[in-house]
Amino acid sequence: IGMKDILPIPLPISGMHDAAKHAFGYESKWEEIKDVLIHMILPVIVLTMTSLASIIRYVRNAVIDVINQDYIRTARSKGLRESVVIYKHAFRNALIPIVTLMGMYIPTLFAGAILLETVFNWPGIGNVLYESIRDRDYSMVMAVNVFYALLTVLGNLLADVSYALVDPRVKVE
């Protein structure tokens, strides 16, 4: 079995467009969209895989901590199905610390994009920051850092508001 049997299209490793198609124009808008989507496969895999392992591990540990609680034993002793105990009682209470983690992943995604956009030669804020550091454009570096600070505040705000969705005992006032 060769690579062509597994993946019928070659995966591009650089850029956002095929250079020749982009220079001479696309046959249709759909061809341009398809070209960008094909170029997105590897960067999306890299960006998701880097954070997915830590999220899964955090969720697993949170659920294990909650499963040992007394109210889970009480729910099981009432005769509830295991799926109801896990999804309605355990996972819902394990989501509270996970919401905090998700709020902090918003700026982390953009920070990870610095390396990703540089390696895959994608235009974006990460590439702008890299070019600014290389060119010693201090005002642009500070502007991007202010943007990251705003993303951190926004992530914390979203996490705080999301607590009310996850835990009905928390009221947003």
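All of the points below concern the structure found in this document. All values derive from a computational prediction rather than experimental measurement.

Each value, and the rule that gives it
- Residues numbered from 1 in each chain as written.
- Predicted model: local features only at pLDDT ≥ 70, side-chain atom pairs only at ≥ 80, totals over all residues.
- Heavy atoms only, no water.
- Helix = DSSP H or I, 4+ residues; strand = E, 2+ residues; numbered from the N terminus.
- Rg over C-alpha atoms; globule rule 2.2 N^0.38 Å.
- Buried < 20%, exposed > 50% of the residue type's maximum accessible area, 1.4 Å probe, protein only.
- Core = buried A, V, L, I, M, F, W, Y, C linked by side-chain atoms within 4.5 Å.
- Contact = heavy atoms within 4.5 Å.
- Salt bridge = Lys/Arg side-chain N within 4 Å of Asp/Glu carboxyl O.
- Axes fitted to C-alpha atoms, helices over the stretch in contact; angles between N-to-C directions.
- Parallel < 35°, antiparallel > 145°, perpendicular 65-115°, else oblique.
- Left-handed = near helix turned anticlockwise from the far one by under 90°.
- Nonpolar A, V, L, I, M, F, W, Y, C, P; charged D, E, K, R; others polar.
- Expected span 1.5 Å × (residues − 1).
- Bend = angle between axes of the 7 residues up to and from the residue.

This next bit is on the overall build of the protein chain. Helix and strand counts for the protein chain come out as 7 helices and 0 strands. When the helices and strands of the protein chain are placed in sequence order, the string is α-α-α-α-α-α-α. The C-alpha atoms of the protein chain give 22 Å as radius of gyration, which overshoots the globular expectation for 173 residues (16 Å, by more than 25%). Based on the C-alpha atoms only, the size of the protein chain along its principal axes is roughly 70 × 50 × 25 Å. Sorting the 173 residues of the protein chain into buried and exposed places 23% on the buried side.

Counting residues in each nonpolar core, the largest one holds 9 residues, listed as A62, V63, V66, I72, A75, V85, A90, A94 and I98. Contributions of two or more residues to this core are made by α3 (29-67), α4 (70-77) and α5 (82-120). In terms of residues, this core owes the most to one element, α5, which gives 4 residues. Dropping the residues within four chain positions of it, A90 is found in contact with V66, I67, I72 and V85. Within the second largest apolar cluster, 5 residues are counted, among which are L129, V144, Y148 and L151.

Moving on to the pattern of salt bridges. On inspection of all chains with the given rule, the structure shows 6 salt bridges. D135 serves as the salt-bridge partner of R134, at 3.7 Å between the closest nitrogen and oxygen. The burial state of R134 is the same as that of D135; both residues are exposed. Among the ionic contacts, a cluster of salt bridges with common partners joins E131, R134 and D135.

Positive phi outside glycine occurs at N121, with the angle close to 55°. Along the chain, N121 falls in the loop between α5 and α6 (125-135). Of note in this structure, R136 is not a glycine but carries a positive phi near 60°. Looking at the element boundaries, R136 is found in the loop between α6 and α7 (138-166). What makes R136 exposed here is its relative accessible area of 61%.

What follows is about the packing of α5 against α7. Axis separation between α5 and α7 bottoms out at 9 Å; the angle between their running directions is 160°. With respect to each other, α5 and α7 are oriented roughly antiparallel. Considering the relative orientation of α5 and α7, their crossing is right-handed. Along its contact with α5, which presents R92, L95, I96, V99, T100, G103, M104, I106, P107, F110, A111 and I114, the element α7 presents F147, Y148, L151, T152, G155, N156, L158, A159, S162, Y163 and V166. Taken together, the residues that form the contact of α5 with α7 break down as 16 nonpolar, 6 polar and 1 charged.

A separate point is α5. Taking 1.5 Å of rise per residue, the 39 residues of α5 would be expected to cover 57 Å, yet its terminal C-alpha atoms sit only 45 Å apart, more than 12% below that figure. At I96, α5 is bent by approximately 40°, the largest bend along its length, and proline P97 sits one to four residues beyond. Those residues of α5 that sit buried are V85, A90, A94, I98, V99, G103, Y105, P107, A113, L116, E117 and F120. Turning to α5, the residues buried within the fold contact α3, α4, α6 and α7. Phi turns positive, to about 55°, at N121, one or two residues after α5.

The analysis is restricted to geometry; functional conclusions fall outside its scope.
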